[in-house]
Amino acid sequence: MKKMSIGFKIMLWFTLIVTIIVSITYGIIFSIEYNIVHKGIKDTLIYTVQNNLDEFEYYKSTDNMQINRVDHIINYEDGFLEISATFLQNSNDVYTALYKEDRTLIYGENPISKEVSSLKFTDSVIQEIKVNGTTYYIFDKKIPLDGVDNLWLRGIVSEEQGNKQVQSIVRVSLIIFPLIICFSLIGGYIIVKKMLKPVHEISTTAKQIGKDGELKKRIDIGNGNDELHELANSFNEMLDKLEYSFTKEQQFISDASHELRTPLSVISAQAQLSLEQSKTPDEYKKDFEIIVRQSKNMSKLINDMLDFSRLEMQSEKYKKEKINLSKVISSICADLMLLKEKNITLSDEIQQDLYINGNYELLTRLVTNLINNAYKYGKQNGNIFVNLKSTKNEIILLVEDNGIGIKEEDQKKIFDRFYQVDSSHSEEGSGLGLSMVSEIVQFHNGKIKVESELGKGSKFYIFFSKI
Ligand code: ADP
């Protein structure tokens, strides 16, 4: 089925509604007009007949007659009937005629005299008669003349008269009607086009992004605070997020492949070398030891990467709950104290029953990572101190060591993925530990701070908000 644009649909509905409204309005106007015109015809009929009533005089003889030259004199019974010159036989399209009681026409005009010859006179009542499909209104009035009591004045008017007026209104309306529809169509088209411009803009941008995968594009429909601007803003926000995750993912893939390349090339070079040269079993053993170490290193790296990407991409899967942070940290410290690595001593000072809103698994990983680093970068016979305390507004965790310390310029970079200050340690870690720590702190809406001096040691502070 062919696509019908929203604009076209709106216009179609708009025009349909305008047409219906205009038609109903016309219908009402015509019916009111019709009634007014027909009432007007009847009023004119009555008025004309009544106006002509006193245009007559009756004289028994000509003796005291004051005859006006233009008046009509008709012999009537024993005397004379004088009809004034101002008697209008056809005025306002109303015909008036003078009749005897027996319906013989004496004076005046009647266009349907034959048809009404049998119609009885009824005083002051409008009668209707249909002749050849046309309705005529008839109004009779008995003439109040002294000495005469059988004279009637009959007024006749055709309904056609009114119809003609209504028809002319209809004719004018029929010209105006299509004009109104045309104007509403043009006006509707302009309005709809203007209103739907942002939609067009949104769809063009979306299509372009779909075609070229250009996530940097944004919709620009100017300022405004209507629904369409809201839609465009949401769309742009969605693109921001998409672009951010996409770049992050790309960066991660490129970093990961870069990191994996080193152990892989060591393994492949070592294996190649062993194959090419004939060696003693001891030499082969050494080669295999290198290969095994690098494989372990790779597998740790892959595990860390998986953990990290899982946390970064699907952080919403980790549910938060009320956690006794004091208990979590105490038990980790108790376990790690048993490590006698480099003869380092781990001590702690933990304020009891401090609660935060967090995820047990992630918090365990965070604390373990920090303490493990303190061991890893600690000095022989060194110390690690873990402190958890509550201040007025927050809960502060401190992991302190007196190890190798971090140079100031490196302190900002250590939270970057795969960053390692000293590559000679690269076999022990992946450079993802602190990135993960930072990611977990963000997940808990906390803050992380590092204070360190090269050769003296490091302090890692984590600030959690209280519940
Ligand atoms: P790695 O797996 O290399 O330990 P991390 O992300 O945990 O990666 O740490 C990044 C770098 O920060 C480390 O390579 C190390 O150089 C430095 N670092 C982290 N913790 C400490 C610490 N407690 N003392 C000194 N340096 C540290």
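Above this text you will find the structure in question.
Summarised in this report is the structure supplied together with it. (Residues numbered from 1 in each chain as written. Predicted model: local features only at pLDDT ≥ 70, side-chain atom pairs only at ≥ 80, totals over all residues. Heavy atoms only, no water.)

1. Comments concerning the packing of helix H6 (residues 360-376) against helix H8 (residues 433-443)
It is at 9 Å that the axes of H6 and H8 come closest, and there the two elements cross at 145°. Of the two possible hands of crossing, H6 and H8 adopt the one that is left-handed. Here H6 contributes Leu362, Arg365, Leu366, Asn369, Leu370 and Asn373 to the contact with H8, which in turn contributes Gly433, Leu434, Met436, Val437, Ile440, Val441 and Phe443. For the contact of H6 with H8, the class distribution of residues is nine nonpolar, three polar and one charged. (Axes fitted to C-alpha atoms, helices over the stretch in contact; angles between N-to-C directions. Helix = DSSP H or I, 4+ residues; strand = E, 2+ residues; numbered from the N terminus. Left-handed = near helix turned anticlockwise from the far one by under 90°. Contact = heavy atoms within 4.5 Å. Nonpolar A, V, L, I, M, F, W, Y, C, P; charged D, E, K, R; others polar.)

2. Some thoughts on the site of the ligand
Close to the ligand lie 19 residues; Lys376, Tyr377, Gln420, Ser430 and Leu434 are nearest. Between the ligand and glycine 433, the relevant distance is 3.3 Å, taken from an oxygen atom to a main-chain nitrogen or oxygen of the residue. A molecule is said to occupy a pocket when more than half its atoms come within 2 Å of that pocket's grid points, and by this definition the ligand occupies the largest pocket. Of all the secondary structure elements, the ones that give two or more residues to the shell around the ligand are H6, H8 and strand S16 (457-465). Broken down by class, the residue content of the shell around the ligand amounts to nine nonpolar, eight polar and two charged. (Near = heavy atom within 4 Å. Polar contact = N/O pair within 3.5 Å; in protein donor to acceptor, adjacent residues only side chain to side chain. 1 Å grid on protein atoms, 1.4 Å probe; cavity = no way out; pocket = protein on both sides within 12 Å on 5 of 7 lines; lining within 4 Å. Sits in = over half its atoms within 2 Å of the grid points.)

3. A short note on the sheet that holds strand S15 (residues 447-453)
Read from one edge to the other, the open sheet built from five strands follows the order S11-S13-S14-S16-S15, with strand pairing classed as mixed. The sheet terminates laterally at strand S11 (345-350) and S15, the two strands that pair on one side only. Taking the axes of each pair of neighbouring strands and ignoring which way they run, one obtains an average angle of 10° across the sheet. Sheet topology places S11 next to strand S13 (residues 383-390); six bridges connect them, and they run parallel. Paired with threonine 345 across the strands is asparagine 383, a residue of S13. (Pairing = 2+ DSSP bridges.)

4. What to know about the packing of helix H5 (residues 325-336) against H6
When two helices pack together, their arrangement is given by the angle between their axes and by how far apart the axes lie. Direction vectors running N to C along H5 and H6 enclose 40°, while the axes themselves pass 10 Å from each other. It follows from the interaxial angle that H5 and H6 lie oblique. Read as a crossing pair, H5 and H6 show a hand that is right-handed. Packed against H5, whose contacting residues are Leu325, Val328, Ile329, Ile332, Cys333 and Leu336, the element H6 presents Tyr360, Leu363, Thr364, Val367, Thr368, Ile371, Asn372 and Tyr375 at the interface. Taken together, the residues of the contact of H5 with H6 break down into 11 nonpolar, three polar and no charged. (Parallel < 35°, antiparallel > 145°, perpendicular 65-115°, else oblique.)

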